[in-house]
Amino acid sequence: MKKYVLFILVICTSILTMVGCGKIAGRDDSGKNQIDQQIFKSLVGDYQAEEGGSVEKGDYVGAYWHLFISDELPEESDYYFSIYDNGAGNPGFHGEITNLDENCMIVKVNLDDLEEMPGNWQHKDGYIEFDYEQKGDKLYLTNHQCKVIFDKEES
């Protein structure tokens, strides 16, 4: 009986680790991205980070981080996502949004160009998962309990 309970527990844990924001990271059964188009269109634009967090806790985020979300870079992706240090010009990371719904965003990170990430954000197997919230011109992205607030710039 103990072996059976342990086996079921291992199976359930394995399934939960494959699920991101309630979805399997990446694509749907047809191999296509799972993107809510209306939400994506509302996110397209340039954003500047607000300074926040704490150096002691390891979640400090400088105001130099810039976020760019675009649908106009077909050579990269129809759902392009990029974060970089616009103070020093250093690259951060970029990739393709593969999942997007009302509170979850998953980005497939281009590992060849990965330099660094804000705060203590982390990717897993080339994917970074965000809980996010959009309030007016502010976009809140949270990964590994590190929330970064971005202010949308006027176009």
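Residues numbered from 1 in each chain as written. Predicted model: local features only at pLDDT ≥ 70, side-chain atom pairs only at ≥ 80, totals over all residues. Heavy atoms only, no water.

Asks: Even after reading the chapter, I still don't get unusual backbone geometry, so can you show me in this structure?
Replies: What is expected of a backbone is that most residues other than glycine have negative phi and most peptide bonds are trans. Located in the positive-phi region is aspartate 125, a residue other than glycine, with phi close to 55°. Within the secondary structure, aspartate 125 is located in the loop between strand S8 (104-109) and strand S9 (127-135). One non-glycine residue, glutamine 145, lies in positive phi territory at about 60°. The topology assignment puts glutamine 145 in the loop between strand S10 (138-143) and strand S11 (146-152). (Helix = DSSP H or I, 4+ residues; strand = E, 2+ residues; numbered from the N terminus.)

Asks: I tried to follow the packing of aromatic side chains on my own but got confused; where do I start?
Replies: Aromatic ring pairs are described here by two measures, namely the spacing of the ring centres and the angle between the planes. Tallying each qualifying case throughout the model produces 6 aromatic pairs. Ring centres of phenylalanine 40 and tyrosine 79 lie 5.0 Å apart, and the angle between their planes is 85°; on these two criteria the pair is classed as edge-to-face. Remark: tyrosine 79 occurs in the loop between strand S5 (65-70) and strand S6 (80-85) and phenylalanine 40 occurs in helix H2 (residues 37-43); sequence separation between them is 39 residues. Take phenylalanine 40 and tyrosine 79: they sit in the same class, and that class is buried. Here the aromatic rings of phenylalanine 81 and phenylalanine 93 are separated by 5.8 Å at their centres, their planes lie at 35°, and the arrangement is tilted. Pair noted here: phenylalanine 81 is in strand S6 and phenylalanine 93 is in strand S7 (residues 91-100), with a separation of 12 residues, a long-range link. Phenylalanine 93 shares its class with phenylalanine 81; the two are buried. Feature note: the residues Phe81, Phe93, Trp121 and Phe130 constitute an aromatic cluster, connected by ring pairs. Of note, lysine 135 hangs over the ring of tyrosine 140, and the distance from its end group to the ring centre comes to 5.7 Å. (Phe/Tyr/Trp six-rings, centres within 6.5 Å; stacked < 30°, edge-to-face > 60°. Buried < 20%, exposed > 50% of the residue type's maximum accessible area, 1.4 Å probe, protein only. Lys NZ or Arg CZ within 6 Å of the ring centre and 35° of its normal.)

Asks: Quick question: what am I supposed to make of the pattern of salt bridges here?
Replies: In a structure, side chains of opposite charge can pair up when their charged atoms sit close to one another. Summed over all chains, the structure comprises 4 salt bridges. The shortest N-O distance in the salt bridge between lysine 41 and aspartate 71 comes to 2.5 Å. In this pair, lysine 41 is assigned in helix H2 and aspartate 71 in the loop between S5 and S6, connecting sequence segments 30 residues apart. We note a salt bridge from lysine 138 to glutamate 50, for which the minimum N-O separation is 2.4 Å. Of this pair, lysine 138 sits in strand S10 while glutamate 50 sits in the loop between strand S4 (45-49) and S5, and the two are 88 residues apart along the sequence. On the accessibility criterion, lysine 138 (27% relative accessible area) is partly exposed. (Salt bridge = Lys/Arg side-chain N within 4 Å of Asp/Glu carboxyl O.)

Asks: Quick question: what am I supposed to make of the side chain of asparagine 143 here?
Replies: Locating asparagine 143 in the fold gives a position in strand S10. Asparagine 143 gets classed as buried once you look at its relative accessible area, which sits at 4%. A polar side-chain atom of asparagine 143 sits 2.7 Å from the main-chain amide nitrogen of glutamine 122. Among residues more than four places away in sequence, those in contact with asparagine 143 are Asn120, Trp121, Gln122, Ile128, Glu129 and Phe130. (Polar contact = N/O pair within 3.5 Å; in protein donor to acceptor, adjacent residues only side chain to side chain. Contact = heavy atoms within 4.5 Å.)

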